[in-house]
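Each chain, written out:
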Amino acid sequence: MGQDRSWIKMRGRSDGGQKKRMITSVCVVGGFLVFLYVYFGSHSQGESALEYGSRSLRKLGSSYLGGDEDADLGGKQEESTTKFGLEDGEDGIIPKSFPVCDDRHSELIPCLDRNLIYQMRLKLDLALMEHYERHCPPAERRFNCLIPPPSGYKIPIKWPSSRDTVWKANIPHTHLAHEKSDQNWMVVKGEKIVFPGGGTHFHYGADKYIASLADMLNFSNSNLNNGGKLRTVLDVGCGVASFGAYLLSSDIIAMSLAPNDVHQNQIQFALERGIPAYLGVLGTKRLPYPSRSFELAHCSRCRIDWLQRDGILLLELDRVLRPGGYFAYSSPEAYAQDEEDLRIWREMSALVERMCWKIAAKKNQTVIWVKPLSNDCYLEREPGTQPPLCRADDDPDAVWGVSMEPCITTYSDHDHRTGGSGLAPWPRRLTAPPPRLADFGYSNDMFEKDTELWRRRVESYWNLLSPKIASDSLRNIMDMKANMGSFGAALKEKDVWVMNVVPEDGPNTLKLVYDRGLIGTVHSWCEAFSTYPRTYDLLHAWTVFSEIEKKGCSAEDLLLEMDRLLRPTGFIIIRDRKPVIEFVKKYLQALHWEAVATADDSSDSDQDGDDLVLVIQKKLWLTTDSVRESE
């Protein structure tokens, strides 16, 4: 027993010495870590995004693309939900500044990022263009930094001058000017890029080409709008969108569509010019537009294989065309006499005939087909004719993440009976109750009250903005929750265009937006939007934050996304509950935003009368390599 007790004592003395040495080591290491934190933390926390410049955060930028050593830097916190209305201190640390992404990511489009696709090793069918469709980063790969402008960035040239000229520094990509030098797409002239209005098919100008299409259809005065009957156009494979640019003078608005493909930055050029445009592709998913949205679809040398997969891509165009809508196709298959082009032409002609399309006009290098006005032709086809009619339970307006179907979308009973969409000519259709109101159980009276409500609200917005803007300050505007499009309709007299965004999980009122002669898309604000950074002058967010709170998505992510979308010196109008407004205000400094005005809505007789309005301006912050001055 004595030996046992002495062993215990010796063990105790030995353990005590080890503990002392361990405590000493821990203190030394802890003191060193505190020193590092105080020294480097005091430096980094004192720097703003402006001061970080292009040097300090290379690793953070690369971590978004999958860098192993920095995987924790680029990812979001595990807790992504934000609850508004918490007391100060309960909702975590409000950052004094966000880090700045690596300069290489100045054009980052999170859901259309080929680097992300490569890093995640997604197995995509390149032949079906799946790699150009949306693939959003998982939460742990989302960036948590501000997208910097490119070196030398200048405030964009104002509309209408921007239609023809942009700053080269803002989109420093000139390869298209050399590659398409014989087609007058764009020309580099000193510090600017000039757009002569040419295209692959219309070297001598889009205006002459548009007039020729009107003449082919025997429209009066060579005007393609046909007395206001032709208003919305889908331009597939739009290049730099000169076709859409020159349609605007005819009171026609085009959704110019192109992927982020080998001809990179086409859509970025279009939006920098102030032309409506969207990044998208005819791949495997439906385009984010309702059925019967466009009066005209256009493809000029767009290099699309329309015969693939039983004509599924032509059938997608058919879905979004209105009764009596046109498809203008300018391509070698329409005129060339070599064996391959003739084969394609014969097969394509047979396909569209089975789809009940007729040739409206064919001249030189262009053919224009027209859709039927009613279901009669579809019902008269021989049994078993391909492509088949879509199933009765197929919803032609379901588009968010929905695969294309190789079938013909028939018309509603209303459109079949009326022999068309029943829309008033533009601009009367902007305020006339759309026929598809009945799809939602809305009355004409509800529509008219909504139109008047937003007229008053927009007038109030402009009063709040007036100290900060001139007549040409705004061009590209986004309504992040458009409902029936009345916000956009109220802006008709302004020289602007509006991208009307309708939530993917609510009533698909986007078809009302198109019926009013406006354009837009379906989207979920839990994800990044399909556009380049710095492409909108004003964002309007009506209850958008409250909606994503219900979905459990991150409001901080949404703030960073809005900053990505917004041009420097651009504006945000947030209309939401008081807790939302207070939450956003906490982030103004970190985002380099400035509160311009706050207003309550006590004078608004609408049910949202308790909402507050916050008007914000994004400051022009620049990395160390950037130039502040612009003409």
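Predicted, not measured: the structure shown is a model, and the values here were computed from it. (Residues numbered from 1 in each chain as written. Predicted model: local features only at pLDDT ≥ 70, side-chain atom pairs only at ≥ 80, totals over all residues. Heavy atoms only, no water.)

S.K.: Even after reading the chapter, I still don't get the overall build of the protein chain, so can you show me in this structure?
M.R.: When you go through the protein chain residue by residue, the secondary structure sums to 20 helices and 17 strands. In the protein chain, buried positions account for 55% of the 631 residues. For the protein chain, restricting intrachain contacts to residue pairs at least 6 apart in sequence, the fraction spanning at least 24 positions comes to 72%. (Helix = DSSP H or I, 4+ residues; strand = E, 2+ residues; numbered from the N terminus. Buried < 20%, exposed > 50% of the residue type's maximum accessible area, 1.4 Å probe, protein only. Contact = heavy atoms within 4.5 Å.)

S.K.: Before we go on, may I ask you to explain the packing of helix α17 (residues 544-551) against helix α18 (residues 555-565) in this structure?
M.R.: The relative placement of two packed helices is expressed as an angle between their axes plus a distance between the axes. Interaxial distance between α17 and α18 falls to 10 Å at its minimum, and their mutual angle equals 140°. Considered as vectors, α17 and α18 are oriented oblique to each other. When you trace α17 past α18, the crossing you get is right-handed. Packed against α17, whose contacting residues are Val544, Phe545 and Ile548, the element α18 presents Ala555, Leu558, Leu559 and Met562 at the interface. Residues of the contact of α17 with α18, tallied by class, amount to seven nonpolar, no polar and no charged. (Axes fitted to C-alpha atoms, helices over the stretch in contact; angles between N-to-C directions. Parallel < 35°, antiparallel > 145°, perpendicular 65-115°, else oblique. Left-handed = near helix turned anticlockwise from the far one by under 90°. Nonpolar A, V, L, I, M, F, W, Y, C, P; charged D, E, K, R; others polar.)

S.K.: Quick question: what am I supposed to make of the sheet that holds strand β1 (residues 165-167) here?
M.R.: Where strands meet in a sheet, backbone hydrogen bonds hold them as pairs that are either parallel or antiparallel. In space, the three strands of this open sheet follow the order β1-β3-β2, with antiparallel pairing throughout. Strand pairing shows two members of the sheet lacking a second neighbour, β1 and β2 (187-189), which therefore form its edges. Within the sheet, the average angular offset between the axes of one strand and its neighbour, ignoring direction, is 30°. As judged from the three bridges shared by β2 and strand β3 (residues 192-194), these two strands associate in the antiparallel manner. Bridged to valine 188 within β3 is isoleucine 193. (Pairing = 2+ DSSP bridges.)

S.K.: I'm lost on the state of the cysteines in this one. Help?
M.R.: Each disulfide is one covalent bond, formed between the sulfur atoms of two cysteines. A full pass over the atoms with the stated rule returns six disulfides. Residue pairing for cysteine 299: its cysteine sulfur links by disulfide to cysteine 302, the two sulfurs lying 1.9 Å apart. Where cysteine 299 bonds to cysteine 302 through sulfur, the torsion about that S-S bond is close to -85°, and the disulfide is left-handed. Among the residues examined, cysteine 302 registers a relative accessible area of 13% and is labelled buried. Counting only the cysteines that take part in disulfides, in the order they occur along the protein chain, gives the pairing 1-4, 2-3, 5-6, 7-8, 9-10, 11-12. (Disulfide = S-S within 2.5 Å.)

S.K.: Sorry if this is basic, but what is going on with the side chain of arginine 381 here?
M.R.: Structurally, arginine 381 is set in the loop between α12 (376-379) and α13 (413-418). Of the side chains with opposite charge, aspartate 318 comes closest to the buried, unpaired arginine 381, at an N-O distance of 9.5 Å. A polar side-chain atom of arginine 381 sits 3.5 Å from the main-chain carbonyl oxygen of threonine 385. (Lys, Arg positive; Asp, Glu negative; His and termini not counted. Salt bridge = Lys/Arg side-chain N within 4 Å of Asp/Glu carboxyl O. Polar contact = N/O pair within 3.5 Å; in protein donor to acceptor, adjacent residues only side chain to side chain.)

S.K.: Help me understand the packing of helix α10 (residues 308-320) against helix α11 (residues 339-354), please; the structure alone is not making it clear to me.
M.R.: The contact between α10 and α11 brings their axes to 11 Å, and the two run at 60°. Viewed along their axes, α10 and α11 adopt a mutual orientation that is oblique. For the crossing formed where α10 meets α11, the hand is right-handed. Contacts from Asp310, Gly311 and Leu314 in α10 reach Met348, Leu351 and Val352 in α11. Residues that form the contact of α10 with α11 fall into these classes: four nonpolar, one polar and one charged.

S.K.: So what exactly am I meant to see when it comes to the confidence of the model for the protein chain here?
M.R.: Regions with low pLDDT should not have their predicted coordinates read in detail. Across the protein chain, pLDDT averages 84, with 80% of residues at or above 70. A low-confidence stretch, residues 86-90 (pLDDT under 50), is modelled with two contacts involving residues beyond four sequence positions or located in other chains. Between residues 625-631, whose pLDDT stays under 50, and residues either more than four places distant or in other chains, the model counts 19 contacts. (pLDDT = per-residue confidence, 0-100.)

S.K.: So what exactly am I meant to see when it comes to helix α7 (residues 206-216) here?
M.R.: In an α-helix, one full turn covers 3.6 residues, which means residues spaced three or four apart are oriented alike. Here α7 has its buried residues at Ala206, Tyr209, Ile210, Leu213, Ala214 and Met216. Taken around the axis of α7, the buried residues stretch over an arc of 165°, which confines them to a single face. Looking at the buried positions of α7, the neighbouring elements they touch are α8 (242-247), β7 (294-300), β8 (321-330), β9 (358-363) and β10 (366-370). Positive backbone phi, at 60°, marks asparagine 218, one or two positions downstream of α7. (Arc of directions from axis to C-beta.)

S.K.: I keep staring at unusual backbone geometry and nothing clicks. Help me out?
M.R.: Phi is mostly negative for residues that are not glycine, and the peptide bonds are mostly trans. Omega for the peptide link from tryptophan 159 to proline 160 comes to 10°, which places this bond in the cis form. The linkage connecting tryptophan 426 with the following residue, proline 427, adopts the cis geometry, with an omega of 5°. Phi is positive for arginine 121, close to 55°, though the residue is something other than glycine. Look at arginine 121 and you get exposed, because its relative accessible area is 68%.

S.K.: Explain the pairing of β10 here, please?
M.R.: Working note: regular strand, side chains alternate between the two faces of the sheet. Burial within β10 is extensive, with five of its five residues counted as buried. Judged by which residues are buried, β10 turns out to be covered on both faces: Thr366, Ile368 and Val370 on one side and Val367 and Trp369 on the other are all buried. Summarising the sheet, β8 and β10 pair through five bridges and their orientation is antiparallel. Residue phenylalanine 327 lies in a different strand from β10, and its bridge partner there is tryptophan 369. Bridge count between β9 and β10: five bridges; the pairing is antiparallel. Bridging from a neighbouring strand, lysine 358 pairs with valine 370 of β10.

S.K.: Please explain the sheet that holds β9 as it appears in this structure.
M.R.: Strand order in the open sheet formed by seven strands is β6-β5-β4-β7-β8-β10-β9, and the pairing between neighbours is mixed. Pairing within the sheet leaves two strands with one partner each, and these edge strands are β6 (277-279) and β9. The average angle at which neighbouring strand axes cross in this sheet is 20°, direction not considered. Most of the contacts of α11 go to β10, to which it runs at about 15°, and overall it touches β8, β9 and β10.

S.K.: So what exactly am I meant to see when it comes to the pattern of salt bridges here?
M.R.: Should the charged atoms of two oppositely charged side chains come close, the side chains can pair. Taken as a whole, this structure holds 31 salt bridges when the rule is applied. Here aspartate 164 and arginine 163 are joined by a salt bridge, their closest N and O atoms 3.0 Å apart. Of the residues examined, aspartate 164 reaches a relative accessible area of 24% and is grouped as partly exposed. Relative accessible area serves as the criterion here: at 21%, arginine 163 is assigned to the partly exposed category. Each of the salt bridges in this network shares a partner with another, and the network as a whole consists of Glu295, Arg322, Arg429, Arg436 and Asp515.

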